[in-house]
Amino acid sequence: MRTKTDVDSLFEPRGVAVVGASHNEAKIGYRIVENIVKSGYNGGIYPINPKGGEILGQKMYESLSAVEGPVDIAVISVPEKIVFDAVKDCADKGVKHLVIITSGFSEVGNVEEEQRIVDFAHDHGMRVLGPNIFGIYSASASLDATFGPGGILSGHVAIISQSGALGVAMIGKTAAESIGLSALVSVGNKSDIDETELLEYLAQDDATRVILIYIEGVKHGERLVETLKKVTREKHVVVIKSGRSKRGAMAAASHTGSLAGTDEIFDNVMRQCGVLRAESLQEAFDWARFLADAPVPKGKYGVIVTNGGGIGVLATDACEKYDVALYDDQKTLKETFSPVMPDFGSSKNPVDLTGQATAEDYAKALDATLEKEGMDAAIALYCETALFDVNKFKEILRREYEHYRGRKPIIFALFGGDKVDHIIDTLGKDGVPVFASVYEAVSCMGALYRSWRNLREQPEEPELYDFDADAVNGIIEKARQQGRGFLLADEAQQVASILGLPMPRSIVAGSIQEAVDAAEEIGYPVVMKVVSKDIVHKSDAGGVALDLDNKKEVVDAYQAILRSCRAYKKDAVIKGVEVVEMAPPGVETIIGARQDGAFGPIVMFGLGGIYVEVMKDVTFRAAPVSRREAQSMVSEIRSYPLLLGVRGEKRKDIDEIVTVATRLSSLIHRCRDITDVEINPLVVYDRGEGVKAVDVRILFKKRPEVK
Ligand code: COA
């Protein structure tokens, strides 16, 4: 039976044992003990080694059973072959968490041994972090139980890393960049504890303001999505995922043995969850450092203050790129800045103080911005000039930052020679957000604003359409019994009608007369399609006739379809011919849903035809989606203006697209045997005139999901 303890004691343990502690300074088992001792941990420290003796002033225990105090964490650093025995000792001692450093498990195909350890651990009330990890750091316990370089600064950024080596390197990097950490956890093979559970803990950890996750592959993506949606309402979450490229994704999969999932889906789903995805490690660190200290903005308008026009224009471009709105009330700008700048300066945002400005003018302009109601954030730029006393300027920047720090977000970008680099270096080390590049600075401000918008947005419940799922599963089961993994057109239409999707009218005819009657009832023009479980690709078999205008054309088409289908496949069982209303032309879109290997049920939307195939103009969301999320899918594609109506055309029925998307999302969420659904095309008409699901395809698992 699986017994779970929560992860709290992983971050606040009463005692830590290191199984495999070594006197040999070159060994990992020595480094871990050294870091624990040096980090100032004041719980019980228990190095374990059969040789006994002493290490770094600590008693070395010959076995875990010799330890008297409670041991919440056992860091295991012995070779793979003896890990299981060590785990058994941990169970006897009542250890809560196994932090398994050792490599050589699922990442190299040794899945069974890893599973044996996890099963045994669960049976004995223990949880497993790793294996194949570098350890854990927790600021609240002053505990560095990693084999990293030490010297971790405590602060407000929590890092979860799937990569070991990179995680270790992050220890040195964060220290060099003066980034303080509240926690650092290596998850490695994620055999038991994964990002999701750690996120739940970190979300309620007061010291943590920003969570930075380095991820290579997603396991249990559905749970991750649910948790991220909640956590991003409390904290800034930054993710950096490798494997953007196809080759990179393959490398990541072989690195940690987990599925990377396609990058577009990952990207879209992270945005849906309110997570900030950084392009590079450096960007992730820049954001984390800035977000950990920046106050939440009170409003959306930023002001650029500069002493150089060119750099001001660059910053304006960057603001557009990173979605930072600029304050634009020209009258107020003039009133605010005229008193603090020369006549030939410009008060239009960017506020250009010109090269003639002194450090004092600069300070006055910043004060004017930050004291003004409605000017919510400042982006302060500086081009080196001879008029500035550099030392004085450095102190002014420090003073301005300290003064407004908790009240309004402020960021600096300075451009110049050695003296300027020196300011950037010194202030940076003291935690002032100062950059050598305008784009890097504005990218941080953009990250803050994106996170802010997310924090402000009211959460919305997913739209769960109440349909008869048993009826859908019944249709699937019947098809499955015939050995199929797909539904025939008429079966797929039944599913679509259970979902209440608008479709062209259709009647299956078993004879020429029935076909004519059906066409007369539906009204011309009509389309005719063969109905046969033996003919999947109807067009290839000559089983489709379009645009039939009268009785004679229907009669001819019926005979032609039967003739060519029989020629195509002699023994095909033909149920009849489907007579379908010919949908009037409109904008062709495509809506799909499927079970994704990483994230579980997802929905997809795009414009049809070449937009999907050539332009790859599609977007994804984890299902089930809310109406707002479905709406954002529609407005996010590049060809969205075609739906808004271009060149005098009317706006299309976007509301109805949203309805269809939420219904497919409900279907894929509830009917887990369905692997793929695609409506292609979903023809969209003018606003108020609806949509039509012209072709619906459904694939399912040939074997039902074991519940
Ligand atoms: N209990 C406690 N200690 C034991 C023991 C037991 N049952 N059996 C042996 N030991 C001792 C050893 O005697 C040794 O101490 P010593 O130096 O005093 O002799 C110590 O444990 C370590 O064992 P050793 O055999 O020397 O292993 P190692 O230190 O060379 O390697 C690992 C152990 C875990 C580091 C190695 O197997 C490994 O997996 N390395 C990769 C780690 C990694 O990269 N992880 C991912 C990072 S991201």
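Summarised in this report is the structure supplied together with it.

**Topic: the overall build of the chain**
A count of helical and extended segments in the chain gives 24 helices and 30 strands. Judged by the C-alpha coordinates and their principal axes, the chain covers about 95 × 80 × 35 Å. Within the chain, buried positions represent 55% of all 707 residues. Taking all contacts inside the chain whose residues are at least 6 apart in sequence as the whole, residues at least 24 apart take part in 71%. Within the structure as shown, the chain displays about 30300 Å² of accessible surface, and the carbon and sulfur contribution to it stands at 50%. Distance from the positive charge centre (84 side chains) to the negative charge centre (103 side chains) of the chain: 2 Å.

**A short note on the packing of aromatic side chains**
If you walk through the whole model with that rule in mind, you get 10 aromatic pairs. Here Tyr301 and Tyr327 contribute two aromatic rings whose centre-to-centre distance is 6.3 Å and whose plane-to-plane angle is 90°, an arrangement assigned as edge-to-face. One end of the pair, Tyr301, is in strand E15 (residues 301-306); the other, Tyr327, is in the loop between strand E16 (325-326) and helix H12 (330-337), and 26 residues separate them in sequence. Since its relative accessible area comes to 10%, Tyr327 is described here as buried. Each member of the aromatic cluster is reached from another via a ring pair, and the members are Tyr362, Tyr382 and Phe393. Over the face of the ring belonging to Phe84 we find Arg116, whose NZ or CZ atom lies 3.7 Å from the ring centre. In this structure, Lys241 is placed above the aromatic ring of Phe266, and the distance from its NZ or CZ to the ring centre is 5.0 Å.

**Concerning the sheet that holds strand E13 (residues 236-241)**
Paired through backbone hydrogen bonds, the strands of a sheet run either parallel or antiparallel to each other. Taken in spatial order, the 7 strands line up as E9-E8-E11-E10-E12-E13-E14 in an open sheet, and their pairing is mixed. Each edge of the open sheet carries a strand with a single partner, namely strand E9 (143-146) and strand E14 (276-277). Pairing between strand E8 (residues 135-138) and strand E11 (residues 181-186): 3 bridges, direction antiparallel. What sits directly across from Tyr137, in E11, is Leu184.

**Considerations on the nonpolar core**
Formed by 59 residues in total, the largest nonpolar core has its most connected members in Phe11 and Phe599. Among residues more than four places away in sequence, those in contact with Phe11 are Ile136, Ser138, Ser140, Ala141, Ala183, Val185, Leu198, Tyr201 and Leu202. Ranked by size, the runner-up nonpolar core spans 50 residues in total, among them Ile171, Leu291, Cys444 and Met445.

**Digging into helix H11 (residues 309-321)**
The end-to-end C-alpha separation of H11 is 19 Å, in line with the 18 Å expected for 13 residues at 1.5 Å each. Buried within H11 we find Ile311, Gly312, Ala315, Ala318 and Cys319. Down the axis of H11, the smallest arc covering the buried residues is 120°, so these residues share one side. Set apart from the buried face of H11 by more than 90 degrees, the exposed residues are Gly310, Val313, Glu320 and Lys321. Where H11 is buried, its residues contact E15, E16, strand E18 (377-383), strand E19 (410-415) and helix H16 (438-456). Two residues or fewer past H11, Asp323 is found with a positive phi of approximately 65°.

**Quick look at the pattern of salt bridges**
All chains considered together, the criterion is met by 41 salt bridges. With its nearest N and O atoms 2.7 Å apart, the salt bridge here joins Asp267 to Arg277. Taken as a pair, Asp267 in helix H9 (residues 263-273) and Arg277 in strand E14 lie far apart in primary sequence, 10 residues in all. Exposure remark for Arg277: the relative accessible area of 10% places this residue in the buried category. Between Asp673 and Arg480 there is a salt bridge, and its shortest N-O distance comes to 3.1 Å. Here Asp673, found in the loop between helix H24 (654-670) and strand E28 (674-684), pairs with Arg480, found in helix H17 (residues 469-481); they are 193 residues apart in sequence, far enough to count as distant. On the accessibility criterion, Asp673 (10% relative accessible area) is buried. On the basis of relative accessibility, which here comes to 10%, the residue Arg480 falls in the buried class.

**Structural notes on the site of the ligand**
Near the ligand you find 22 residues, and of these Ser22, Lys27, Lys51, Ile101 and Ser103 are the closest. Separating a nitrogen atom of the ligand from a backbone N or O atom of Ile101 is a distance of 2.9 Å. Ser103 places a polar main-chain atom, nitrogen or oxygen, 2.8 Å from an oxygen atom of the ligand. Burial of the ligand by the protein chains amounts to 70% of its free accessible area of 960 Å². Each residue belonging to the shell around the ligand can be placed in one class, and the counts come to 12 nonpolar, 8 polar and 2 charged.

**Some details on the sheet that holds strand E5 (residues 73-76)**
Taken in spatial order, the 5 strands line up as E2-E1-E5-E6-E7 in an open sheet, and their pairing is parallel. Each edge of the open sheet is held by one strand with a lone partner, namely strand E2 (44-48) and strand E7 (127-129). Along the sheet, successive strands turn relative to each other by an average axial angle of 20°, direction set aside. Direction of pairing for E5 relative to strand E6 (residues 97-100): parallel, over a ladder of 4 bridges. Within E6, the residue paired with Ile73 across the bridge is His97. Of the strands in this sheet, strand E1 (15-19), E5 and E6 touch helix H3 (residues 83-93), which is tilted by about 165° from E5.

**Overview of the layout of surface pockets**
Sizing a probe to match a water molecule and rolling it over the atoms shows the empty space that remains. Within this model, the largest pocket holds a volume of roughly 1400 Å³. Lining of the largest pocket is provided by 43 residues; of these, Arg271, Gln272, Cys273, Gly274 and Asn454 occupy positions nearest its centre. Those elements that place two or more of their residues in the lining of the largest pocket are helix H7 (221-231), H9, E14, helix H10 (281-293), H16, strand E27 (618-622) and helix H22 (627-636). Residue composition of the lining of the largest pocket, grouped by class: 14 nonpolar, 7 polar and 22 charged. Here the second largest pocket defines a volume of roughly 870 Å³. In terms of residue class, the lining of the second largest pocket is built from 23 nonpolar, 6 polar and 8 charged.

**Here we look at the packing of H22 against H24**
Interhelical geometry of H22 versus H24 gives an angle of 120° and a closest axis separation of 9 Å. Considering the angle they form, H22 stands oblique to H24. Considering how the two elements wind past one another, H22 and H24 form a crossing that is right-handed. Together, Arg627, Ala630, Gln631 and Val634 of H22 and Ile654, Asp655, Ile657, Val658, Thr659, Ala661 and Thr662 of H24 make up the contact between the two elements. The residue makeup of the contact of H22 with H24, split by class, is 6 nonpolar, 3 polar and 2 charged.

**As for unusual backbone geometry**
A negative phi holds for most residues other than glycine; trans holds for most peptide bonds. Note the cis peptide between Gly130 and Pro131, where omega equals 0°. With respect to the helices and strands, the residue Pro131 is situated in the loop between E7 and E8. The omega torsion across Asn349 and Pro350 is 10°, close enough to zero to call that bond cis. Residue placement: Pro350 occurs in the loop between H12 and strand E17 (351-352). One non-glycine residue, Asp547, lies in positive phi territory at about 60°. The topology assignment puts Asp547 in strand E23 (residues 544-548). Positive phi values are uncommon outside glycine, yet Arg647 reaches one of about 45°. Tracing the sequence through the fold places Arg647 in the loop between helix H23 (640-644) and H24.

Reading the values: the criteria
Residues numbered from 1 in each chain as written. Predicted model: local features only at pLDDT ≥ 70, side-chain atom pairs only at ≥ 80, totals over all residues. Heavy atoms only, no water. Helix = DSSP H or I, 4+ residues; strand = E, 2+ residues; numbered from the N terminus. Buried < 20%, exposed > 50% of the residue type's maximum accessible area, 1.4 Å probe, protein only. Contact = heavy atoms within 4.5 Å. Areas by Shrake-Rupley, 256 points an atom, 1.4 Å probe, with all protein chains shown as cover. Lys, Arg positive; Asp, Glu negative; His and termini not counted. Charge placed at Lys NZ, Arg CZ, Asp CG, Glu CD. Phe/Tyr/Trp six-rings, centres within 6.5 Å; stacked < 30°, edge-to-face > 60°. Lys NZ or Arg CZ within 6 Å of the ring centre and 35° of its normal. Pairing = 2+ DSSP bridges. Core = buried A, V, L, I, M, F, W, Y, C linked by side-chain atoms within 4.5 Å. Expected span 1.5 Å × (residues − 1). Arc of directions from axis to C-beta. Salt bridge = Lys/Arg side-chain N within 4 Å of Asp/Glu carboxyl O. Near = heavy atom within 4 Å. Polar contact = N/O pair within 3.5 Å; in protein donor to acceptor, adjacent residues only side chain to side chain. Nonpolar A, V, L, I, M, F, W, Y, C, P; charged D, E, K, R; others polar. Axes fitted to C-alpha atoms, helices over the stretch in contact; angles between N-to-C directions. 1 Å grid on protein atoms, 1.4 Å probe; cavity = no way out; pocket = protein on both sides within 12 Å on 5 of 7 lines; lining within 4 Å. Points joined across faces, edges and corners; volume = space filled by probe spheres on them. Parallel < 35°, antiparallel > 145°, perpendicular 65-115°, else oblique. Left-handed = near helix turned anticlockwise from the far one by under 90°.

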